[in-house]
Amino acid sequence: MLPVVALVGRPNVGKSTIFNALTRSRDALVADMPGVTRDRHYGVCRLGPRPFVVVDTGGLSGSDEGIEGLTALQVRAAIAEANLLVFVVDARDGVLPLDAAILNELRRSGKPVIVVVNKTDGVDETLALGEFASFGIAETLPMSAAHNRGIDTLVAKSLPYL
Ligand code: GDP
Ligand code: MG
């Protein structure tokens with residue numbers, strides 16, 4: 001079985017954009033896998049020397065729960081199946097309370113966490129990274145997924161955990 005990397009984070013931070021960039025290769029498999037719900041998207045990243053499965057935890061819909069409940073469910077599901085948790089945040093929004101709540105859940109899992117500060121295009125990258133330094137996660141990478149910047153670095157930083 002291939003190792004699994006889960007993309008987690010608030011809605012609209014760019015998880016699906018990162019998912020698409022990671023799994024864009026011609027033979028990427030984006031399909032339902034046995035025993036999984038349709039609420040999460042699975043693909044294979046083949047950008048590095050070893051392939052791994054990528055899970056996009058967005059996409060739950062039709063729930064009566066608010067954003068926070070919804071996000072918590074997604075985070076728990078991702079934690080359960082992942083070898084590595086990639087926590088995506090938005091450089092433009094800075095640290096929001098929901099980010100801190102998600103990070104707490106991730107930390108409690110004991111699994112490795114990489115922070116991706118997305119949407120660094122058009123912002124001061126050093127300032128943006130500085131704000132998220134308060135998370136205390138050693139691996140914190142800038143990214144502009146919409147411009148395909150930072151994707152290869154994320155792959156390289158992920159491989160040692162997989
Ligand atoms: P998700 O809800 O976390 O899956 O976020 P999406 O991938 O759907 O992206 C939400 C919005 O942010 C979309 O309009 C994307 O085009 C935009 N977006 C994603 N990545 C970037 C980025 O690197 N820079 C900018 N400026 N916008 C981005
Ligand atoms: Mg999405």
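How each quantity is defined
- Residues numbered from 1 in each chain as written.
- Chains lettered and ligands numbered in written order.
- Predicted model: local features only at pLDDT ≥ 70, side-chain atom pairs only at ≥ 80, totals over all residues.
- Near = placed C-beta within 6 Å.
- Helix = DSSP H or I, 4+ residues; strand = E, 2+ residues; numbered from the N terminus.
- Pairing = 2+ DSSP bridges.
- Axes fitted to C-alpha atoms, helices over the stretch in contact; angles between N-to-C directions.
- Contact = placed C-beta atoms within 7 Å.
- Buried ≥ 20, exposed ≤ 12 C-beta atoms within 10 Å, placed from the backbone.
- pLDDT = per-residue confidence, 0-100.

1. A closer look at the site of ligand 1
Here's step 1: Among the 15 residues in the neighbourhood of ligand 1, the closest are listed as G14, K15, S16, T17 and A146.
Here's step 2: Sort the elements by how many residues they give to the shell around ligand 1 and helix α1 (residues 15-22) lands first, with three residues.

2. Side note on the sheet that holds strand β2 (residues 41-45)
Here's step 1: The sheet built from six strands is open, its strands ordered β2-β3-β1-β4-β5-β6 with mixed pairing. Whereas interior strands pair on both sides, the edge strands pair on one side only; in this sheet they are β2 and β6 (140-142). Strand-to-strand, the axes of this sheet are offset by a mean angle of 25°, without reference to chain direction.
Here's step 2: Alignment of β2 against strand β3 (residues 52-56), held across five bridges, turns out to be antiparallel. By the bridge assignment, G43 is partnered in β3 with V54.
Here's step 3: Contacting β1 (4-8), β4 (84-90) and β5 (113-118), helix α3 (residues 97-109) crosses the sheet at an angle of about 170° to β4.
Here's step 4: Of the strands in this sheet, β4, β5 and β6 touch helix α4 (residues 125-132), which is tilted by about 155° from β6.

3. Some words on the environment of A100
Here's step 1: With respect to the helices, strands and loops of the structure, A100 is situated in helix α3.
Here's step 2: Counting along the chain gives 35 residues from A100 to F135, while the straight-line C-alpha distance between them is 8.0 Å.

4. Considering unusual backbone geometry
Here's step 1: With a phi angle near 65°, K119 is a residue other than glycine that sits in the positive phi range.
Here's step 2: Along the chain, K119 turns up in the loop between β5 and α4.
Here's step 3: The class for K119 is buried, based on 23 C-beta atoms found within 10 Å.
Here's step 4: Unlike most non-glycine residues, N148 shows phi in positive territory, near 60°.
Here's step 5: Along the chain, N148 turns up in the loop between β6 and α5 (151-158).
Here's step 6: For N148, a count of 12 C-beta atoms within 10 Å corresponds to the exposed category.

5. Quick word on the confidence of the model for the protein
Here's step 1: The predicted model of the protein averages 84 in pLDDT, with 81% of residues at 70 or higher.
Here's step 2: Here residues 26-38 is modelled with pLDDT under 50, and outside its nearest four sequence neighbours on either side it reaches 12 contacts, counting other chains as well.
Here's step 3: When the criterion is pLDDT under 50, residues 59-64 qualifies, and its contacts beyond four places in sequence or with other chains add up to eight contacts.
Here's step 4: Both scores are available for the predicted complex, with the pTM at 0.88 and the ipTM at 0.99.

6. Notes on the pairing of β5
Here's step 1: The buried fraction of β5 is high, at five of six residues.
Here's step 2: The sheet contact formed by β4 and β5 spans six bridges and is parallel. What sits directly across from D90, in β5, is N118.
Here's step 3: Looking at chain direction, β5 and β6 are connected through three bridges and run parallel. Counterpart to V115 in the pairing with β6 is T140.

7. Digging into the pairing of β1
Here's step 1: Burial runs high along β1: four of the five residues are buried.
Here's step 2: Across four bridges, β1 lies against β3 in parallel orientation. Residue L7 lies in a different strand from β3, and its bridge partner there is D56.
Here's step 3: Summarising the sheet, β1 and β4 pair through four bridges and their orientation is parallel. Paired with A6 across the strands is L85, a residue of β4.

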